[in-house]
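Reading the structure
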Amino acid sequence: MGVQGFQEYIEKHCPNAVVPVELQELARGSMVGGGRQRPPQRPLRLLMDAENCLYRLYGGFNTDWVSGGQWNQMLGYLAALSKACYYGNIELLVCFNGALEKGRLHEWVKRQANERQTAQQIVSHVQNKGTPPPKVWFLPPVCMTHCIRLALRWFHIGVVQSIEDHHLEVIALRRENGFHGLVAYDSEYALCNIPCYFSAQSFKLSRNGKSLTISQCLVHEVAKQLDLNPNRFVIFASLLGNHILPDEDLAAFHWSLLGPEHPLASLKVRAHQLVLPPCDVVIKAVADYVRNIKDINDLEAIAKDIFKHSQSCKDDKVIRFRKTVEYYSAASNPPQITPRLVKPKQIGVPATVPQYTSPKMLNIPQAPLPMKSGVHPVSPTPPVECSLAVNSVAKGLLEQNSFSNIPHEGRYTSLYERSSPIKPDQCSSPNHVDTTFFNTCSTSSSENEETMATTANHVNDHKGRWDKNGNDSHSENTSERELEDQTKGDLSLISPVSPESQAGSHHSLNAQIPSLLSMPTRNHMDITIPPLPIVAPVVLRVAEHRHKNGLMYPYIYHVLTKGEIKISVTIEDEANKDLPSAVQLFRPIRQYVYGVLFSLAEAKKKAERLAMKKNCLPQYSPVIVKEWAAYKGKSPHTPELVEALPFREWTCPNLKRLWLGKSMEYKNRRMRAFLACMRSDTPAMLNPANVPTTLIVLCCVLRYLLHWPGVRILRRNELDAFLAQALSPKLYEPDQLQELKIDHLDPRGVQLAALFMSGVDMALLANDVCGQPIPWEHCCPWMYFDGKLLQSKLLRANRDKAQLIDLCDCQPELVAKVEKMRQSILEGLNFPRPPHPLPFPPPPLLLPHRMPFYPHTGSFYPPHPMIPPQKRGRGIPAVSSQGGKLEIAGTVVGQWAGSRHGRGGFPIQVVSVGGPNRGVSQFIHLDGMW
C-alpha cells in the first residue's frame, strides 16, 4: 500500500531526515534538529505504539523464537529497559492496538495471507534442514502481544489500549497528554504532523543497559526533499493509497502521472492482472502532482481530475476520497483543548517479588511514591512555543506552494519547543476535532457501514431486524448488492490489450490500462448476524474501563460490543493430518467463553420457566459470533459463524455477578467457570499440593490437549517433557537458556509449542472473562514455559528415549512433582488402546477382530494365508499372562488366571465379543498410565 511505503522511502531516499539520537541525552535537555539547548522541566515522556514495536519489545531477533517463545529472555530485556528508563529520567507509556478496526479489514486479510505463506515456509525449512528459519521470516510467536502486555505491567510500565481507531487514538493521546515524542514505525504517523516522531525500527538498548538509542524522523527535512509544504500532506497521503481509498483504486491515476514515455510504462499492461507502479516512483509522482494543485480546498475538482481515467464506481471513489481527506485532516490538525496528563505507573519491579524471579531482575530501584495509572488532570504548565508546521494548520494560514516559503524558525526548533502542549488560548480554533469523530472514522468503509449499524449498535437497538429466514429486514444487503453491481460493471468492460498494439500507439490511456484496475478492492465478504443479547450497562462500563487500561483481553470488548473477533495465523503444517489447527482445536473454549459473556445459562433457565408456564417447549435464540481466521482449508476473506454454548454440568451466574460479586461464593464460581471453560473441572486441579497456583494454566491446557476427541495430540513422553521443563531450574535462568544448544529442531516440537501457546492464549481469555479467578501475576507464561527448553526436553524424550528421571535432571523431588501433576491432569480421562507401540514386545500372533470366535475351543482361527495384509483387521493381542475374562454381548461367560512368569506391569485384559465394543481390547489405565 502506497502510504505504508512512505516510512521506507524516508529511510532510503531522505538520509538527512533520519537523525540518530540518544534518549538519555534528550532527557537531560540536549537539542534535536537544531535550535538552542534548553534544560527540561520534567522527565522525558514518550508514547510508544506497541503494534509497531512488538519486535523490539520482545528483545529483537533471536534464532530461537520459532521454538515457541523465549519469555524469560524477553522478561530480562524488559527489565533492563525499565531500569534504563528509570535512571535516564524517561517515562514510557505503551499503547496496544485493542481496536477491531473493520475499516482496515482488507489490510488485515492481506497480512494474514502473507503470514500464512510465511508459516508454511518456516515449517518446510525446519523439516528439511532442522535449523531455525532466517530473520526475514520472523513471525511473532503465539500470544506475544499479551505476554509483552503482562510483562510491562510486571515492571509497572504504563499500558493502555485503543478502542475504536488505533491510529487516531494514539495521535490524540499524544497531543492531549503532553507527550514529548511518539515511538512507532508507521507511515501514517510520519504524515500526520507529529512534532517529534521516532522510528521504532532503530530502537536499541545497549548490552550494558545504560544507553537507549533511536532515530528521529524530521518531517520538515522530508518536506524539503520532496519540495512539498507539510500543509499539503493531507492531500498527499490521501492520494498515495490507504485503508479507505486503496492504491488499487488509484492505480489508473498513478499510471497517468507517469505517462506513456516513462520507462516503467510497459509494466502496466499484463494479461488481466493488476499491476502497480513501484512505491518510490508513486511517491515522487504524487508529490509533484500535489505541489501543482492550485486550490487544495476544492476537493470536487481534485477528485474529478484524479478519477478521470477510472472506468467504474466513480461516485463511490469520490466519496471515499473525501473521507480520506477528513481522516487525515483530523489526524494532522491538533485539537485545541487543554492538555491532560496520563501518568503511567512509576517504573520498577513489584513490591513483592516472587522467589522464581531471576536475580538479575531485582536490581531495578523501587519508585518512591507509586502513582495510579489513568488520565488525570494536572495544573497548567507554562505555555511554550509550538512549531510553525503545527500552528499553520491550527490558525489556518495561507497555503504555500513550496517548502522554500516556510520561515526559518519553523524548520528548526528544539525538541521541547516543538513538542510542548497546545496553548489554552487556541481552544477557539474552528479546527477543533470532537472526540465523537473517532467513533465514525473507524467504519468509513462503505462496504461495512450497514453491517456495523446492525451489530455494533446492538446495545441500543434490539428490535426485530432479523426475519425468519435469517436475513436482515432489508430486502437485500446493500454492501453485497454494491459489490455485485461493481463486479458486473467491471467484467463488462474487460478488453485485453495486446503488447503489439500498445507499443505502436500512444492514444487514450484508457485503452492501455487494464480495466481490472477499477474493480472493487475489498476482497472480503461480510456476513450479517442476528442482534446480540442486551448487555447490562454496568458490565459495559467495567469492560470499557478494563479494556482502555490494558487490564483485560481485547477479545472481550469486541465480542460484547460487535460480536466478532480476529484470530491471527500460527505456525502449523497444513499438510499434517496428525495435529489439528489451533483455531478449530480451541474453538470449544471460545464457545463456552461466549456463553459466559452473554449469560446464556441464565437466559436458558428463564426460557425453561416461561415454557413451563405456557405449557410448551422452550425456545432458545442462538447467539452467533463471527470469527475471522485463516488456517488450513479456511481463507480469511470470510468469517465463520460460531454459536455460543452454556455449561451443561451447572448453571453459571450472569456476567454482572461473576465480575462484581464479592462474596466467597462468587470467588469459587469464578474458578469453577474458568475450569469448566478449559474442560478441567476436577477436584485434583484445585489441590495446591499437586497443582501449584502458578501452574494451573499449564495443567489446564495440557489436559485440554489430552481431552481432544479427535486424534491423539500429546504422547506420554511429550506430556512429561512439558511438565519437566515447567519445573526445571533453568527456566528462570535466561543466560543458561541462551547457551543451550539444540543440534536438530524437530518440526513436531515446533508445532506442539505453537499449539500449547495458543491454548495459553485462550486460557488468558477465559480467565479474564470469568473475573480473573487466577491472579494475572500467576498467569504469566514465563513461569511455566520456554520454547527452547521445551525443544531440548522433547528431543531427549523422543529421540533419545530418556526416562522421566533424566528429563528432570536426575532430581527425584522434581520427578515426584511431575507425577503428581500428571496424575491430576489425567484424572477422569479414559484412553482407548494407544496407537503407539507398547514398551514390551508384542505377542507373536495378531488375530483380526472379524474372525469368528469358537467358545468350545476358546480360540480364534488364524487368518488365511491368501488374504492380503492390507485387508486384514487391526487385530487383538494374544491373551495376557496376567489373566482376563471373556464377555459375549456384555455377559461374562468365562475368565482365566494368569501365569506367574508374566510381566507384572501389564493390566488385566477384557475381550468383548458381540457387545458395543465388539472386537476392541480395553485396557484399564493404572497410576496415570495409558
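In short, a report on the structure.

About the thresholds
Residues numbered from 1 in each chain as written. Predicted model: local features only at pLDDT ≥ 70, side-chain atom pairs only at ≥ 80, totals over all residues. Heavy atoms only, no water. Helix = DSSP H or I, 4+ residues; strand = E, 2+ residues; numbered from the N terminus. Buried < 20%, exposed > 50% of the residue type's maximum accessible area, 1.4 Å probe, protein only. Contact = heavy atoms within 4.5 Å. Pairing = 2+ DSSP bridges. Axes fitted to C-alpha atoms, helices over the stretch in contact; angles between N-to-C directions. Left-handed = near helix turned anticlockwise from the far one by under 90°. Nonpolar A, V, L, I, M, F, W, Y, C, P; charged D, E, K, R; others polar. Phe/Tyr/Trp six-rings, centres within 6.5 Å; stacked < 30°, edge-to-face > 60°. Lys NZ or Arg CZ within 6 Å of the ring centre and 35° of its normal. Core = buried A, V, L, I, M, F, W, Y, C linked by side-chain atoms within 4.5 Å. Salt bridge = Lys/Arg side-chain N within 4 Å of Asp/Glu carboxyl O. Polar contact = N/O pair within 3.5 Å; in protein donor to acceptor, adjacent residues only side chain to side chain. Arc of directions from axis to C-beta.

Let us now look at the overall build of the protein. Of the regular secondary structure elements, the protein holds 36 helices and 18 strands. When each of the 930 residues of the protein is scored for burial, the buried share is 55%. The long-range fraction of contacts in the protein, counting pairs at least 24 apart against all pairs at least 6 apart in sequence, stands at 77%.

With that settled, consider the sheet that holds strand E12 (residues 640-643). Pairing is mixed in the open sheet, where three strands are placed in the order E10-E11-E12. The open sheet is flanked by strand E10 (564-566) and E12, the only strands paired with a single partner. Strand after strand, the sheet turns through a mean of 30° between neighbouring axes, direction not considered.

Let's shift gears to the environment of Gly-158. Summarising the element assignment, Gly-158 is placed in strand E4 (residues 158-161). When the C-alpha atoms of Gly-158 and Asn-549 are compared, they prove to be 8.7 Å apart, with 391 residues separating the residues in sequence.

Before going further, it helps to examine the environment of Gly-76. Relative to the helices and strands, Gly-76 resides in helix H4 (residues 71-87). The exposure class of Gly-76 is partly exposed, given its relative accessible area of 25%. Between the C-alpha atoms of Gly-76 and Gly-59, which are 17 residues apart in sequence, the distance is 8.8 Å.

The subject of this paragraph is the sheet that holds strand E6 (residues 197-205). The strands making up a sheet are joined through hydrogen bonds of the backbone, oriented either antiparallel or parallel. Sheet architecture is open: seven strands sit in the order E1-E7-E6-E5-E2-E3-E4, paired in mixed fashion. Sheet topology places strand E1 (18-22) and E4 at the edges, where each strand pairs with a single neighbour. Strand after strand, the sheet turns through a mean of 30° between neighbouring axes, direction not considered. In this sheet, strand E3 (residues 90-96) lies alongside strand E2 (residues 44-49) in parallel orientation, the contact comprising six bridges.

So, about the packing of helix H30 (residues 696-707) against helix H33 (residues 747-769). Angle between the axes and distance between the axes: these two values describe a pair of packed helices. The contact between H30 and H33 brings their axes to 9 Å, and the two run at 115°. Every pair of crossing elements has a handedness; the one defined by H30 and H33 is right-handed. Side by side, H30 and H33 meet where Val-697, Leu-698, Val-701 and Leu-702 of the first sit next to Phe-756, Gly-759, Val-760 and Ala-763 of the second. Here the residues of the contact of H30 with H33 are counted per class, giving seven nonpolar, one polar and no charged.

Scanning the model with the defined rule gives 18 aromatic pairs in all. Plain terms: the ring middles of Phe-647 and Trp-650 are 5.8 Å apart, the flat faces sit at 10° to each other, and that makes the pair stacked. Comparing Phe-647 with Trp-650 shows no difference in burial state: the two are buried. Between the aromatic rings of Phe-722 and Phe-756, the centroid separation amounts to 5.1 Å while the plane-to-plane angle is 45°, which identifies the pairing as tilted. Taken together, the residues Phe-722 in helix H31 (residues 716-727) and Phe-756 in helix H33 connect sequence positions 34 residues apart. Judged by its relative accessible area of 0%, Phe-756 is buried. Three or more aromatic residues joined by ring pairs make a cluster, and in this case those are Tyr-55, Tyr-58, Trp-65, Trp-71 and Phe-138. Arg-546 extends its terminal NZ or CZ atom over the ring of Trp-659, reaching a point 5.2 Å from the ring centre. Seen from the ring of Tyr-620, Lys-604 lies directly overhead, with NZ or CZ sitting 6.0 Å from the centre.

Residues of E4 alternate between two faces, with Gly-158 and Val-160 on one and Val-159 and Gln-161 on the opposite face, all of them buried. In this structure, E3 lies alongside E4, joined through four bridges in parallel fashion. Bridging across to E4, Cys-95 finds its partner in Val-160.

Although it is not a glycine, Asn-615 adopts a positive phi angle of roughly 55°. Relative to the helices and strands, Asn-615 resides in the loop between helix H27 (600-614) and strand E11 (624-628).

With that settled, the discussion passes to the nonpolar core. One broad trend across soluble globular proteins is that nonpolar side chains are buried collectively. Counting residues in hydrophobic clusters, the biggest one holds 166 residues, and the most contacted among them are Leu-560, Trp-659 and Phe-674. For this core, the element with the highest residue contribution is H33, accounting for 14 residues. Residues Phe-6, Cys-217, Val-234 and Leu-299 belong to the second largest nonpolar core, which totals 58 residues.

Right, let's talk about the pattern of salt bridges for a bit. Here the structure, examined in full by the defined rule, presents 34 salt bridges. A salt bridge links Arg-45 to Glu-91, with the shortest nitrogen-to-oxygen separation between them at 3.3 Å. Taken together, the residues Arg-45 in strand E2 and Glu-91 in strand E3 connect sequence positions 46 residues apart. The pair Arg-45 / Glu-91 is uniform in exposure class, with both members buried.

What follows concerns the side chain of Lys-793. Structurally, Lys-793 is set in helix H34 (residues 787-798). Overall, Lys-793 belongs to the buried group, its relative accessible area being 3%. In terms of polar contacts, Lys-793 uses its side chain to reach the backbone carbonyl oxygen of Leu-807, at 2.5 Å. When neighbours within four sequence positions are excluded, Lys-793 is seen to be in contact with Ala-721, Gln-725, Ser-728, Leu-807 and Asp-809.

What follows deals with helix H9 (residues 219-226). The buried fraction of H9 amounts to six of the eight residues, a majority that puts the element mostly inside the structure. Along H9, the positions that sit buried rather than exposed are Val-219, His-220, Glu-221, Val-222, Ala-223 and Leu-226.

Turning our eyes to something else, we now look at helix H13 (residues 299-306). Along an α-helix, residues three or four positions apart point the same way, because every turn accommodates 3.6 residues. Leu-299, Ile-302, Ala-303 and Ile-306 are the residues of H13 that are buried. The buried residues of H13 occupy one face: seen down the axis, they fall within an arc of 95°. Residues of H13 that are buried in the fold lie against helix H10 (233-240), helix H11 (251-258), helix H12 (279-291) and helix H14 (314-332).

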